[in-house]
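Residue-level structure breakdown
Spelled out, the chains give:
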Amino acid sequence: MKVINLREILNQEPAINLFHLALKKERLSQAYLLTGPEGVGKETTAWALLFHLFCEKNFENPCGNCKACKKLLKDSHPDLLKVYPEKKEITIEQIRNIQNFLKYRPLEGKYRIVLIKPAEKMNLQAANALLKSLEEPPSYIIFLLITENFTQLLPTIISRSQIVRFRTLPSEVIKNFLIKKFSYEEVIAETLAKISQGSLGRAIEIMEKGLIEELHTFVKAGFSSSYILKFKVAERFSNLEPRSWDLFFYLLSLWIWKSYLKKRYGLSYPSAFPQENFQKDPFLALKIIFEAKSALEHYANPEIVFYWLLTKIFNLEA
Ligand SMILES: [Zn+2]
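Report follows, based on the coordinates. (Residues numbered from 1 in each chain as written. Predicted model: local features only at pLDDT ≥ 70, side-chain atom pairs only at ≥ 80, totals over all residues. Heavy atoms only, no water.)

1. Brief notes about the coordination of the zinc ion
Filter applied, for reference: For Na, K and Ca the donor cutoff is 3.2 Å, while for all other metals N, O and S atoms must lie within 2.8 Å; water is not among the atoms, so some sites may look incomplete. Strands are runs of DSSP state E lasting at least 2 residues, helices are runs of H or I lasting at least 4, and numbering of each runs from the N terminus. Remark: exposure states derive from per-residue accessible area (1.4 Å probe, protein chains only) relative to the maximum for the residue type, with buried under 20%, exposed over 50%, and partly exposed in between.
Every protein donor of the zinc ion is accounted for by Cys 55 (SG), Cys 63 (SG), Cys 66 (SG) and Cys 69 (SG), and the metal-donor separations fall at 2.2 to 2.3 Å. All donors to the zinc ion come from one chain, and their sequence spacing reads C-x7-C-x2-C-x2-C. Highlighted residues: Cys 55 in the loop between helix H2 (42-54) and helix H3 (67-73) and Cys 66 in the loop between H2 and H3, separated in sequence by 11 residues. For Cys 55, a relative accessible area of 9% translates into the label buried.

Take a look at the structure:
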């Protein structure tokens, strides 16, 4: 990690202005609820805020060199407590741990911060326990709750927090960022920007996991008549991690959909996608992808699922 300044956050001016003002006036709420779609800068903003709050030298431009900044960079600051789901949920034991953390004054600076992500993963017991802590927290405590969907939280939690909304990013912003920051080729950056639905995080993940290349591999095997190739590709996909499967299904669905829109309405087609277009019934194909996804969620054998998917969608009636 490197030091993050609130000014670096892309296209979230309302959220960033709110935090700037609060920092300047030293009037921070005791609980913020950062809400918005995946991959648009919520967690990055939370970390930036931590640097601004903890830096010993300059709260307007965190230095990255002081003791506090260094501890944040090493992710070992004693006044920060991060709460992430254990397995699938955030449990009441984890919230009790927060209650312990709240008892002690800051060890180093002025604040102690509790970061909960994703807040909607708190089970009911945990959420109720958190509520108690939110009622009258010590003055040095700030809660940062991060969520993609704040309507899933208890209304009483929402009402005790200041809501900070994050929005999706325009594709131009994503494209320019990918070119400037990662030196992506223009064709790739443009495709990623168009297909990521305003989520920079998703665009970067698709690129880092090499999933556009995987889509090419999959499509090539699908159009091929070689069963050996299909087996090999199915085996290859079975070894990807579940998060990559999710993103891949998203890409595959998009390829099918974009092919359909191009064929039917002559709409533009992402230039880094496979040149071959999907020609079969897109609605049936999307249904099959959904079935494959669901089978994997129910622990079906991934190799068989991918082989089935590969043979099935490319052999549909057109
Ligand atoms: Zn510093």
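2. Section: the packing of aromatic side chains
To keep things clear, this is the line we draw: A pair of aromatic rings is counted whenever rings of Phe, Tyr or Trp (Trp by its six-membered ring) have centres within 6.5 Å, and the orientation is called stacked for planes under 30 degrees apart, edge-to-face for over 60 and tilted otherwise.
Counted under the stated rule, the structure contains 21 aromatic pairs. Look at Phe 223 and Trp 255: their rings are 6.4 Å apart centre to centre, the planes differ by 85°, and that puts the pair in the edge-to-face class. In this pair, Phe 223 sits in helix H10 (residues 211-223) while Trp 255 sits in helix H12 (residues 242-265), placing the two residues 32 residues apart along the sequence. Residue class for Trp 255 comes out buried when judged on its relative accessible area of 0%. With 5.8 Å between their ring centres and 10° between their planes, Phe 249 and Phe 306 make a pair best called stacked. Placement of Phe 249 in helix H12 and of Phe 306 in helix H14 (residues 302-313) is noted, with a sequence separation of 57 residues between them. For Phe 249, a relative accessible area of 3% corresponds to the buried category. Among the aromatic residues, ring-to-ring pairing joins Phe 218, Phe 223, Phe 237, Trp 245, Phe 248, Phe 249, Trp 255, Phe 278, Phe 306 and Phe 314 into one connected group.

3. Quick notes on unusual backbone geometry
Here Lys 117 and Pro 118 are connected by a cis peptide whose omega angle stands at -15°. Residue placement: Pro 118 occurs in the loop between strand S3 (112-116) and helix H5 (124-135). Residue Asn 11 is not a glycine yet carries a positive backbone phi of 55°. Of note, Asn 11 is situated in the segment before helix H1 (13-25). Even without being glycine, Tyr 299 reaches a positive phi, approximately 60°. A relative accessible area of 72% means that Tyr 299 is categorised as exposed.

Treat this as a map of the structure, not an account of what it does.
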